[in-house]
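Chain by chain, the residues:
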Amino acid sequence: MPNRANYFIPTLALIIFLLSSIAISINSFTYRFPGNNYFPPNMLLMGSVLFLSLTGAYLLSNKQSPLFQIIRELCYFLLVVTVIAYATNAVQYTPFPPIDRQLIAIDSVFYINLQKIMAWTASIPLLRNMLALSYDSLPYQMAYLPLIVIAGRKFTLIREYYALLLLTTLIGFTIYYFFPTMGPSSFIKSPYFMQEQYATGIKFRELHQHKLPSTEDGGMIAMPSFHAIWAWLCLNLVRCWPFIFVLLLPLNLLLIISCVLLGWHYLIDLVASLIILLLSYQVYFYFVKDNSFDK
């Protein structure tokens, strides 16, 4: 990777870390909301194992060895995940009121009725089950696809993935902090909402009533839809392998439309996700000119 890209990703991570620290400090000294811990379990153990493995690979070989490069990239991946988890912990402390009613009003201008959409989806059980499976596949894609790309030593692709993950996090989390959302299930009545969807609003209400959230289920951010953003980034990550890309394409298209058809998001959330993706790509390609694949 060019030097410019090598500085770009740490700079993004540092900006997100500093802004998250400010949000956490504001909450600690002013609002004192309790909150959930969104760090994945055993992160410290994983970090320690990777660090020791990296040290051993360096001592036994050199910086140009495939083993050292792969373990180094795994360390970078863990650091990116850590930064995003830290930002997630911080952004939940937003002190601002939710804007869901305004989003519903925007959807209504375009004659989008989420209740009718969800009822139509529920009338086709096979479709609903396929959409639910595709929606739930995202955490697995984000966990395992980077590992496959790292094992394939496509380091330019994985660095691009890190940059776009951090860029979309920076933009999307900033929007959520100042303009938070609770999700459609908190403002629209429908018998087709799942318990996980109600959990999103429950967490928000309990936290802002100074109660420790009783659940970690559900999502957090409705606008923008990070399921839509990160589903695209997963596709973009494996574009060097046409077979995997073609396999994932229908799954992730289903995933994106499931955001609305299953009632997780408003339609305007997907529009916001598209805008954030386009902006993130523009910023990335402005600062990082060389986007060729590693061979």
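Residues numbered from 1 in each chain as written. Predicted model: local features only at pLDDT ≥ 70, side-chain atom pairs only at ≥ 80, totals over all residues. Heavy atoms only, no water.

Here we come to the side chain of Asp100. Examined against the element boundaries, Asp100 turns out to sit in helix H4 (residues 100–109). Of the side chains bearing the opposite charge, Arg101 lies closest to the buried Asp100, which forms no salt bridge; the N-O distance is 8.2 Å. Within the structure, the side chain of Asp100 is placed 2.8 Å from the backbone nitrogen of Met182, a separation counted as a polar contact. Those residues in contact with Asp100 that lie beyond four places of it in its chain are Pro180, Thr181, Met182, Gly183, Pro184, Phe187 and Tyr266. (Helix = DSSP H or I, 4+ residues; strand = E, 2+ residues; numbered from the N terminus. Buried < 20%, exposed > 50% of the residue type's maximum accessible area, 1.4 Å probe, protein only. Lys, Arg positive; Asp, Glu negative; His and termini not counted. Salt bridge = Lys/Arg side-chain N within 4 Å of Asp/Glu carboxyl O. Polar contact = N/O pair within 3.5 Å; in protein donor to acceptor, adjacent residues only side chain to side chain. Contact = heavy atoms within 4.5 Å.)

Its place among the elements puts Ile99 in the loop between helix H3 (66–91) and H4. Its relative accessible area of 15% is what places Ile99 among the buried residues. Along the backbone, Ile99 and Ile124 are 25 residues apart, and their C-alpha atoms lie at a distance of 31 Å.

Once that is clear, we can look at helix H6 (residues 125–136). For H6, spanning twelve residues, the distance from its first C-alpha to its last is 16 Å, which sits close to the expected 16 Å at 1.5 Å a residue. Along H6, the positions that sit buried rather than exposed are Leu127, Leu131, Ser134 and Tyr135. Down the axis of H6, the buried side of the element spans an arc of 100°, and every buried residue falls inside it. Along H6, exposed side chains directed more than 90 degrees from the buried face belong to Pro125, Leu126 and Leu133. Buried residues belonging to H6 abut helix H5 (114–122), helix H7 (138–151), helix H10 (226–237) and helix H11 (242–261). (Expected span 1.5 Å × (residues − 1). Arc of directions from axis to C-beta.)

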